[in-house]
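Report on the structure
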Amino acid sequence: MKMKKILLVLTVLLCGMASCVKDVEFNGEQSDPLLVVNGVQQAGKTANLCIEKSWFFLDSRIDFRVKDVEVDLYVNGSFKESLQVRDSISDYIFTYCEGQYELCEGDKLRFEVRSSEFETAYAEVTLPESPTVISFDTVSVDYENGTIDFAVEIDDPAGTDFYNLCFYNALDAEYSMYSFYSEDPVFANPLDLGADELMGESSDYYGSGLYNLFTDTYFDGKTYTVNFTYFFWDVEVFEPFVVEMSRVEESLYKNKKTTEEYLENDPNGIIGMFAEPVQVYSNVENGVGIVSGQSKPVTMTIDLFGNKKLHK
Amino acid sequence: MFFAIVASSSVFAQNAKKSHTISGYVTDAKSQETLLGASVYETATMKGSVTNNFGYYTLKLSEGQVKLKASFVGFESYETAFDLKNDTVINIALAQSLQLSEVTVTGKAIDNHVKGAQMSTIELPVTQLKKVPAMFGETDVIKALQLLPGVQSGTEGSAGMYVRGGGPDENLILLDGIPLYNVNHAAGFFSAFNSDAIKNVTLYKGNFPARFGGRLSSVIDVHMKDGDMYEYHGNVSLGLIAAKVNVEGPIVKGKTSFNVSFRRTYFDLIAAPLLALITRGEMGEGNSIWGGYYFYDLNLKINHKFSDKDRLFFSLYSGDDKVYARIRTKQDYADYYDLDYEMSSEQKMNFDWMWGNRVAALRWNHVIRPNLFMNVTGAYTQYRHYLGADIGSDTWYKEFNQTYSSSESAQLNLNSGIYDFSGKADFDYKPFDNHDVKFGANITHHTYKPTTLGIHLEEEESGQQGFNYDTVTNDSRIRALETDLYVEDNWDISNYFKLNLGLHYSTFTVDKKTYHSVQPRVSLRSLITENLSLKAGYAYMSQYIHLLSSNAISLPTDLWVPVTGEIVPMNSHQVALGAFYEWNGYEFSVEGYYKKMNNVLEYKDGASFFSIDETDWQDKVVMGDGWAYGIEFFVQKNVGKFTGWLGYTWAHSDRLFNRPGQELNYGKPFPAKYDRRHDISVVLMYEFNDHIDVGATWVYSTGNCATLAFQNYHGLSGLDMFGYSQTVGYINNRNNYRYSNYHRLDLVANFHWKYEQGENIFSINVYNTYAHNNPFVVIPMEGKLRQVCIFPIIPTLSWQYKF
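Owing to the predicted nature of the structure, the values given are computational and were not obtained by experimental measurement.

Let's talk about the overall build of chain A
Helices and strands together make up the secondary structure of chain A, namely 3 helices and 21 strands. Looking at chain A as a whole, 49% of its 312 residues qualify as buried. Summarising the internal contacts of chain A: among those between residues at least 6 apart in sequence, 70% fall at separations of at least 24. Counting every atom, chain A has about 15700 Å² of accessible surface; 51% of that belongs to carbon and sulfur.

Below, the structure written as structure tokens:
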């Protein structure tokens, strides 16, 4: 009897100790999906938006599609066109909308997105002017290590400006798996500093894809040469690729920066426990996402057989 | 203005009957330990005074027959009658009461609770504190304070304090009048105060007397025991995680005494050899891991009485936490068949991580005149953090009869700290029978040592010096000078009205910039009946230092940094209203408060404590405003067999960061991290007899806030290196989710066996008795919310021997 009592007490204690982790019900307010609107408008091209809806973070069955989407484009205060709506392009499930009007630098665009499921969402963007590029050239090619060093000299006007450098396959613009490296301080992100700096390491930037954004904080109103390196070792070396330099709207920079910070410190993950939450920047009223603008780029196409050209 | 008020009241004094000063110390008759906050009053007029932080009192009474009474919780009252003709010194020695009777301390209870002008203040008797159930059986001052209304705890088990909506860095924690910077051990699960060394704890939540300054939200005034002047006493105790020893006694009987306490955790003493044994067994001879964690506290106080007019005190506190590891690995290799080759390699890694406080203070009490008491203090306080690693390898090999050797070593150390030298003079002055004036000045020289990194790398090849690198980075100091001046008057305007009026002026000079702050303080008491009063108060506070800390837990990497040219001082305005009632040994109070905080700091979105260092901390914080309001109900019973309290707080605490370029939460208000609507604490203690006493604590509070992204969506497409859209979360509001409500029941039973030589006490503590899964953190995982609880139920046995 005594032993039974002891066992009973021990069992109760063990159950208590073992129940340190358990699944709990979500006791917050059930939030409704949001209309998600994304798109970067580029001068010289037509307007385009990707539209879908968000999903509840604990849901496993997800429906992104938004019903009855209509998008109107206003340019400089006047209605210009309704964008053509194309559902489910490529592998994506979002709704893709495209216009016909060729956008110009300095255009003030306003998009109105309507759907039977959501309130009308709005987004506004002004297309920036192209950067003044004094020179844009390769500095050296190192076949042994698989790198090409570039230098682009820009003449920056007074005021805060935002720039983008991107690489993509000249034959397939969607293919953007190119490695990008720079020790240039313009790419340093204040939130990345800390432990690395303490250990004496520099805050080198490793990027890829379509967006490698930087501001003119270090050279506002002056000429400046940005140095960067492209790694071609791991990619198809025989295919030509494109390097683009453009000016972008601040909203894109903010969105990209906060997105990166969010992904580093996801509040719904363990790392997020030890970091301040990040609210990703959005300029979409009554919705979420980013509708931003990009200038006509200054472009250089490279192939490793020596062909290169600079055109604006 | 202030002196005009005091001078005008002197006119009344001169017109009144001639008055004389009665002054002296109130002490424990047995040990001569001074009693702080003891009441001394004239029974006919009920004019009275309370002993100051050194046990000294001053009364100004009209000449003639007086009947003087002194009382203090846990002591028999003392009464004496005499004809007052001159200034008189009466040192009162109170005898300890065998039983805490309700009658014994009535006078004291009325004086401080109902009749004092001060509000938002709670004194916690240490005797009571020791009977409160405690986690791991470790009585903890900070944890006990968390059970009071208006005080919120941080995460489960942590020692973080959030007073009336303020942050954890807004509490001024004083040990014998000297600030302590880091009061946490073991990530905040224990505080730095060893209850055996403590005499008295007072918490000020608002309406701060003018003598305090430098923090916005609270003052925790902790005083160490002076030591018994006549007999040696002590106790030894063993708990689940720590052992403690406390000894006090005379150095010169009746003149000099000491009190010394030491506490150390001993988990590592058991675990480290076991770890070494296991790793040696697993990894083979020559390989081992020796490591562990401990913390210790040392409190020492020496008290010398030169005369009734002069006393000298020396206080010392030293407390450290240390994580250490010694790793040794050895590899031998030989190949005699194909090659004539032998190799032996030894690697070592020593890792030390230490952080802790040192405080040393020398104080001189001098009675200049019976109605003028002076305390002069010189003090040194430091908080330091050290992280060191020593990594090395020695390799020896023989190849074709040639012997080679090489060695590599790397030493790395990180240091940071704060070092303060301060001097201050405080005066208690009773110019007239209805004025108690305190004034003083303080000067503190702060040295903030940012994180300094030292690296030493060395290489040696067969006796030849190879690569050698030695550097120290960021070896700079930030120096700042802080000065404070204050004056306050506790003014008995009439039998019904009492006013505490004060002014605190401070300056802070850093980077050739000087900040000034004039801080008015006022509180008024209106006595409605003998046991009912209404009080109102206002306090303006300024704060010049900030704590860079993670919200989740307290870490040694948490750094105190001063204001700069860009980061301006924080300040707050707080108003409070309250009603105070006393009935048959029960104290009741209800207080409402509103606090506006300006220039409070928060980390920018995304800042992680993994990447915080002092060099660029200003880039990672934003400045904004906050406000907090609430109502606190409190019922307390300090005397009798049955003691305890019940507290309930209804509170709101919000933040707004909408200054250009410093926006958080899209520039909209959001709840503060530890905003909790309801908070209930019930603390009950019952003494059955001399052998058994029991205690229970039940706490309930609204769950903590957390930030979750309730909606997920695809970001701008084609962004990541694989060409996929990245999934990001939409956070509609900071702190938008509440964990489930927190509640737990703690129990303690103490069994006393008294002998002629001493007393044995066995304690059984059960923390979180009904094993409620209180959330420490909630993480979304695989479509579910996973809640982690760190302390489901903790039963503890501890033993104490008192002699």
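Quick look at the side chain of Asn704(B)
Residue and element names in this part refer to chain B. Turning to its location among the elements, Asn-704 is positioned in the loop between strand E40 (692-701) and strand E41 (705-706). A polar side-chain atom of Asn-704 sits 2.4 Å from a polar atom in the side chain of Arg-676. Among residues more than four places away in sequence, those in contact with Asn-704 are Gly-154, Thr-155, Tyr-674, Arg-676, Tyr-737, Arg-738 and Tyr-739.

Observations regarding the environment of Val487(B)
On the secondary structure map, Val487(B) appears in strand E28 (residues 478-492). In this structure, the C-alpha to C-alpha distance between Val487(B) and Ala441(B), residues 46 residues apart in sequence, is 9.0 Å.

Some points on the sheet that holds strand E5 (residues 70-75) of chain A
All names here are of chain A. Within the open sheet, the 4 strands sit side by side as E6-E5-E9-E10. Their pairing is antiparallel. Two strands bound the open sheet, and with one partner strand each, they are strand E6 (78-82) and strand E10 (121-126). Between one strand axis and the next, the sheet turns through 25° on average, direction left out of account. Pairing between strand E9 (residues 108-114) and E10: 6 bridges, direction antiparallel. Across the sheet, residue Phe-111 finds its bridge partner in E10, namely Ala-123.

Overview of the pairing of strand E45 (residues 742-754) of chain B
Residue and element names in this part refer to chain B. Across 10 bridges, E40 lies against E45 in antiparallel orientation. Within the sheet, the bridge partner assigned to Gly-695 lies in E45 and is Val-748. Judged from the 8 bridges that link them, E45 and strand E46 (residues 759-767) form a sheet pairing that is antiparallel. Bridge assignment links His-752 to a residue of E46, and that residue is Ile-761. Hairpin connection between E45 and E46: a loop of 4 residues separates the two successive antiparallel strands.

Some thoughts on helix H3 (residues 250-264) of chain A
For H3(A), spanning 15 residues, the distance from its first C-alpha to its last is 21 Å, which sits close to the expected 21 Å at 1.5 Å a residue. Of all the positions in H3(A), only Ser251(A), Leu252(A), Tyr253(A), Asn255(A), Lys256(A), Thr258(A), Thr259(A), Glu261(A) and Tyr262(A) are classed as buried. Where the residues of H3(A) are buried, they touch strand E2 (35-42), strand E13 (162-169), strand E16 (212-215), strand E18 (241-248) and strand E19 (288-294) of chain A together with strand E43 (727-730) of chain B.

Some thoughts on the packing of aromatic side chains
Residues and elements named next belong to chain B. Applying the stated criterion to the full structure yields 41 aromatic pairs over all chains. Aromatic side chains Tyr-594 and Tyr-629 sit 6.3 Å apart centroid to centroid with 20° between the ring planes, which places their arrangement in the stacked category. Here Tyr-594, found in strand E35 (residues 586-603), pairs with Tyr-629, found in strand E36 (residues 621-637); they are 35 residues apart in sequence, far enough to count as distant. By relative accessible area, which is 37% here, Tyr-594 ends up partly exposed.

As for the confidence of the model for chain B
Residue-level pLDDT values for chain B average 84, and 91% of them are 70 or greater. Note that pLDDT drops below 50 for residues 1-15 of chain B; the model gives that stretch 16 contacts with residues more than four away or on any other chain.

Observations concerning helix H5 (residues 267-283) of chain B
Residue and element names in this part refer to chain B. Compared with an ideal rise of 1.5 Å per residue, which puts 17 residues at 24 Å, H5 spans 23 Å between its outermost C-alpha atoms and is within 8% of the ideal. Within the sequence span of H5, burial applies to Asp-268, Ala-272, Ala-276 and Thr-279. Down the axis, H5 shows its buried residues gathered within 75° of arc, on one side only. Of the residues in H5, the exposed ones pointing more than 90 degrees away from the buried face are Ile-270, Leu-277, Ile-278, Gly-281 and Glu-282. Gly-284 sits one or two residues past H5 and shows a positive phi near 95°.

Thoughts on the environment of Gly463(B)
Locating Gly463(B) in the fold gives a position in the loop between strand E26 (435-461) and strand E27 (464-473). Taking the C-alpha atoms as reference, Gly463(B) lies 9.0 Å from Ser407(B); in sequence the two are 56 residues apart.

So, the pattern of salt bridges
All names here are of chain B. Using the criterion set out here, one finds 40 salt bridges over all chains in the structure. Residue Glu-632 pairs with Lys-205 through a salt bridge whose shortest N-O separation is 2.9 Å. Placement of the pair is Glu-632 in strand E36 and Lys-205 in the loop between strand E16 (198-204) and strand E17 (218-224), with a sequence separation of 427 residues. Residue Glu-632 shares its accessibility class with Lys-205, and that shared class is buried. Across the pair Asp-436 and Lys-430 runs a salt bridge whose closest N-O atoms are separated by 3.3 Å.

Structural notes on the state of the cysteines
Scanning the model with the defined rule gives 0 disulfides over all chains in all. Its sulfur unpaired, Cys97(A) is 8.2 Å from the next cysteine sulfur, which belongs to Cys50(A).

Overview of the sheet that holds strand E2 (residues 39-42) of chain B
Residue and element names in this part refer to chain B. Strand order in this open sheet of 4 strands is E3-E2-E5-E6, and the pairing throughout is antiparallel. Single-partner strands in this sheet number two, and they are strand E3 (48-50) and strand E6 (78-84). Between one strand and the next, the sheet's axes are offset by a mean angle of 20°, whatever the strand orientation.

Points about a negative patch on the surface
A cluster of like negative charges, contributed by Asp332(B), Glu346(B), Asp394(B) and Glu460(B), occupies part of the molecular surface. With relative accessibility at 55%, the residue Asp332(B) sits in the exposed group.

Structural notes on unusual backbone geometry
Although it is not a glycine, Asn286(A) adopts a positive phi angle of roughly 60°. The backbone phi angle of Asn207(B) is positive, close to 45°, even though this residue is not glycine. Along the chain, Asn207(B) falls in the loop between E16 and E17.

Thoughts on the pairing of E16(A)
Residue and element names in this part refer to chain A. Going residue by residue along E16, you find Asn-212 and Phe-214 tucked away on one face and Leu-213 and Thr-215 tucked away on the opposite face as well. Where E13 and E16 come together, 4 bridges link them in antiparallel fashion. Each bridged residue has a counterpart across the sheet, and for Tyr-163 the counterpart in E16 is Phe-214.

Cut-offs and rules
Residues numbered from 1 in each chain as written. Chains lettered and ligands numbered in written order. Predicted model: local features only at pLDDT ≥ 70, side-chain atom pairs only at ≥ 80, totals over all residues. Heavy atoms only, no water. Helix = DSSP H or I, 4+ residues; strand = E, 2+ residues; numbered from the N terminus. Buried < 20%, exposed > 50% of the residue type's maximum accessible area, 1.4 Å probe, protein only. Contact = heavy atoms within 4.5 Å. Areas by Shrake-Rupley, 256 points an atom, 1.4 Å probe, with all protein chains shown as cover. Polar contact = N/O pair within 3.5 Å; in protein donor to acceptor, adjacent residues only side chain to side chain. Pairing = 2+ DSSP bridges. Axes fitted to C-alpha atoms, helices over the stretch in contact; angles between N-to-C directions. Expected span 1.5 Å × (residues − 1). Phe/Tyr/Trp six-rings, centres within 6.5 Å; stacked < 30°, edge-to-face > 60°. pLDDT = per-residue confidence, 0-100. Arc of directions from axis to C-beta. Salt bridge = Lys/Arg side-chain N within 4 Å of Asp/Glu carboxyl O. Disulfide = S-S within 2.5 Å. Patch = residues over 30% accessible without salt bridge, like charges linked within 9 Å, V, L, I, M, F, W, Y side chains within 5 Å. Lys, Arg positive; Asp, Glu negative; His and termini not counted. Charge placed at Lys NZ, Arg CZ, Asp CG, Glu CD.

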